[in-house]
Amino acid sequence: MKISKRLTLGFGLNLFFLVLVGGLGLHETNHVAAINNHLIEVDAKLSNDAQRLRANINTMRRFEKDAFLNIGDLSRVKDYQRQWQEVRDRTQQILGEMNKLETTPEGMGNLAGISKSIADYDKGFKEVLGRIYEGKVSSAKAANETIGPFKENIHGAEDAITNSTLKKDQTLARVNQDVQDAVRTVRTVMLTSLLLALVISGILFYRLLHSIRQPLEAIELLVVDIGQGEGDLSRRLNYRGRDELGAICSGFNLFVEHLNRIIGMVAGVTAELYIQADSIAAAVSMQSGSSAELSSSVAEIASTMEELSSSASQVAQHSHGVVARADETLAETRVGAGEVENLTARINDISEDLQANLVAIVELGSKSKEINKIMAIINNIASQTKLIAFNAALEAASAGEAGKRFGVVALEIRRLADNVVESTAEIEGRITEILDTVNRLVMSSEKTTGRIMEGQEHARHTVHVLNNVLEKVEESTDAARQISLSTQQQQIASNQVVLAIKDIVQGARHSTEAIKKMNSVTGEVSKLAGNLKALVTTFKLDAADAGSGSGQG
Amino acid sequence: MTPPDLRVHLLLFRLGQARFAVLASQIETLRAHDASGPARWCHALLGFPAAPSYRAPTEALVSGTWIVLDAMEELLDIPLEAIRPFPDLVEPFSLRRGLWGILPNQGQLIFLVDLQQMVKPDTILQPDPVAHSKLV
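Residues numbered from 1 in each chain as written. Chains lettered and ligands numbered in written order. Predicted model: local features only at pLDDT ≥ 70, side-chain atom pairs only at ≥ 80, totals over all residues.

### Notes on the environment of Q276 of chain A
All names here are of chain A.
So, step 1. Structurally, Q276 is set in helix 5 (residues 244-399).
So, step 2. The exposure class assigned to Q276 is partly exposed, which follows from the 15 C-beta atoms found within 10 Å.
So, step 3. Spatially, the C-alpha atoms of Q276 and S526 are 8.3 Å apart, while their sequence positions differ by 250 residues. (Helix = DSSP H or I, 4+ residues; strand = E, 2+ residues; numbered from the N terminus. Buried ≥ 20, exposed ≤ 12 C-beta atoms within 10 Å, placed from the backbone.)

### Concerning the interface of chain A and chain B
So, step 1. Chain A puts nine residues into the contact, and the matching count from chain B is twelve residues.
So, step 2. Its residues assigned to classes, the side of chain A that touches chain B comprises five nonpolar, four polar and no charged. (Contact = placed C-beta atoms within 7 Å. Nonpolar A, V, L, I, M, F, W, Y, C, P; charged D, E, K, R; others polar.)

### Regarding the environment of N56 of chain A
All names here are of chain A.
So, step 1. Along the chain, N56 turns up in helix 1 (residues 3-69).
So, step 2. In the structure, N56 is positioned 36 residues away from Q92 in sequence and 10.0 Å away in space, judged by C-alpha atoms.
So, step 3. Every residue in contact with N56, bar those within four places of it in the chain, is listed here: V87, R90, T91 and I94.

### Some remarks on the packing of helix 1 of chain A against helix 2 (residues 74-101) of chain A
The relative placement of two packed helices is expressed as an angle between their axes plus a distance between the axes.
All names here are of chain A.
So, step 1. Axis separation between helix 1 and helix 2 bottoms out at 9 Å; the angle between their running directions is 165°. Taken together, the axes of helix 1 and helix 2 are roughly antiparallel relative to one another. The crossing of helix 1 and helix 2 is left-handed. (Axes fitted to C-alpha atoms, helices over the stretch in contact; angles between N-to-C directions. Parallel < 35°, antiparallel > 145°, perpendicular 65-115°, else oblique. Left-handed = near helix turned anticlockwise from the far one by under 90°.)

### A closer look at the nonpolar core
Generally speaking, a soluble globular protein has its nonpolar side chains buried in company with each other.
So, step 1. Judged by nonpolar contacts, the single largest core of 43 residues is most densely connected at A393 of chain A together with L11 and I67 of chain B.
So, step 2. Considering each element in turn, this core owes the most residues, nine residues, to helix 5 of chain A.
So, step 3. Discounting residues that sit within four places of it in the chain, I67 of chain B has contacts with A39, R40, C42, L45, E59, A60, V62, L115 and V119 of chain B.
So, step 4. The next biggest cluster of nonpolar side chains, apart from the first, holds 27 residues, and it includes A67, W84, V137 and A157 of chain A. (Core = buried A, V, L, I, M, F, W, Y, C linked by C-beta atoms within 7 Å.)

### Quick notes on unusual backbone geometry
Residue and element names in this part refer to chain B.
So, step 1. Residue S63 is not a glycine yet carries a positive backbone phi of 50°.
So, step 2. Positionally, S63 belongs in the loop between strand 5 (57-62) and strand 6 (65-79).
So, step 3. Classification of S63 as partly exposed rests on a count of 14 C-beta atoms within 10 Å.
So, step 4. Even without a glycine there, the phi angle at Q106 is positive, about 55°.
So, step 5. With respect to the secondary-structure elements, Q106 resides in the loop between strand 7 (99-105) and strand 8 (108-113).
So, step 6. Of the residues examined, Q106 has 6 C-beta atoms within 10 Å and is grouped as exposed.

### A word on the environment of K386 of chain A
All names here are of chain A.
So, step 1. Topologically, K386 is positioned in helix 5.
So, step 2. Judged by the 22 C-beta atoms lying within 10 Å of it, K386 is buried.
So, step 3. As for K386 and I413, which are separated by 27 residues in sequence, their C-alpha atoms are 7.0 Å apart.
So, step 4. K386 has contacts with R414, A417 and D418, leaving out every residue within four places of it along the chain.

### Some words on the pairing of strand 1 (residues 7-15) of chain B
Residues and elements named next belong to chain B.
So, step 1. Across eight bridges, the pairing between strand 1 and strand 6 is antiparallel. The residue of strand 6 that forms the bridge with H9 is D77.
So, step 2. Pairing of strand 1 with strand 2 (residues 18-23) involves six bridges; the strand directions are antiparallel. Directly across from F13, in strand 2, lies its bridge partner F20.
So, step 3. Here strand 1 folds back onto strand 2 in antiparallel fashion, the turn holding two residues, of which G16 has a positive phi close to 70°. (Pairing = 2+ DSSP bridges.)

Now the structure itself:
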């Protein structure tokens, strides 16, 4: 049987005994509790009620005596009657409760007798009180004598109550004895059951422990022997049980077989490792020399890259200066383009003014021609005047002495006409000069206009050229900026390359040192492989596994 | 010697480069030249070989005939004795042309013409078409 089943069986038996003992104890405890409960709920309460009933009867009798002693004061008699009646009501209530609890015929008969005696006493007391109120009884003595026959009954009731109380005490004592007996029985049964369960559990535990400990000790011996002894992996566990220990032993034997095979393989691999470690040591030694050469080459590259980075820095600074010059050139070119545009605007203004002047000059020529026409008219008038003056002079001459004065006037008129003609001729000459000047001005203005138009054309061409120059300068500025940016990036990249190469140099040094360390470590590994080979040979292996391991080695 | 009060009025005019004068008493009136009018050209009356250039042609009415003169300059009141006759050699010829005397004036010679004689019917000539065309 498996260990788990055995453990389950033992635990189940223990649990059974515990449930048995607990059930017996519970049954007996319930029995005792029922007895005790009846004792407390019925008998003790009846005994208590009987005592309360006797106390109430005594109180009623005290109020009766007080009423009779104060018979001269009817109001006090009434007061005592009221208090007596209250006690009487409580007495009746107690009798009702006792009737409900009482179950024995004897007790029930006894209670009926007590009720009847109290009712007779009630009847007698009320009858005496009626006589007192009627005045038929006026002294305490007479009242005691009158109620005497009824008081015999109440004495009988008091005796019955006393007897009932004594009986209830006897019942209580008997029941208490029964409870003590039941408790003793329960204790005996439970102790017996517990002892029996302990004995059975001990037997089962011993059997279970013995069945587990024996194979465990065998396993321990073998494992310690393999671990601390000579490492004989050819030994096996012989326990063939069907329980978990049997499975553990089978698994352990299988594990030892695998370990046997693995150590055989490890022995082969160790021999191979020993050979390869020597080869690695030789290769590492060669690599150490190459690494030193590599470190030297990388150091030279680092130096060259530092020079290259320095050159890149200078190029970046120069390109920055080129960008600044290009910006200045761009700004000045913009200013020049603006000035040329202003100049073009001024030339346009001058051209417009010149056109206006030309129009005015042409108009002046036209006006001069009109003046010429007017002067021709004036000249004609002067000629006519002169002719008239000549006619007048002729007439004056023909008149002789009489026309002499008239002749003088005619002469003056003729001279005036001559002056007018001379003046008009002079004016015509001046006007002709003006017209000539106007014509020259017009021609000059036309030439000037042509030159101004040429100047405008040149200015437009200049603006166009300047705009092209501006675009080219902007492109040059952008290109210079791009060059500056590229050179800055190149500088940064060169710095990064220098840093990277420094890291590589550092890495090469570390690599050289690591290879040196690896060289020594490889020697150590070779030495350790030899040690491992020696260690593996300490294991005693099966013949087949030993053959395969040595074959690989 | 001519008495001091014997004086004549002469109307001076030009014809080409020459200066001429006519007695004011021969001229009835003067007017502006009308190209469309029936006037006689003075140079034609004087027998100029070619028409001179007229600067200010003016018509003078002489014995009912309008004669085109040029550049009337002055009306002179001169003593008759200032007028000199032509030399004998040329006088017959000049008289046929209507020229009857010479007046020296300011270093120049002024030829005196008799327009009335020149416009007599037997001496009337047609207007010179060449000179007329130059006036237009």
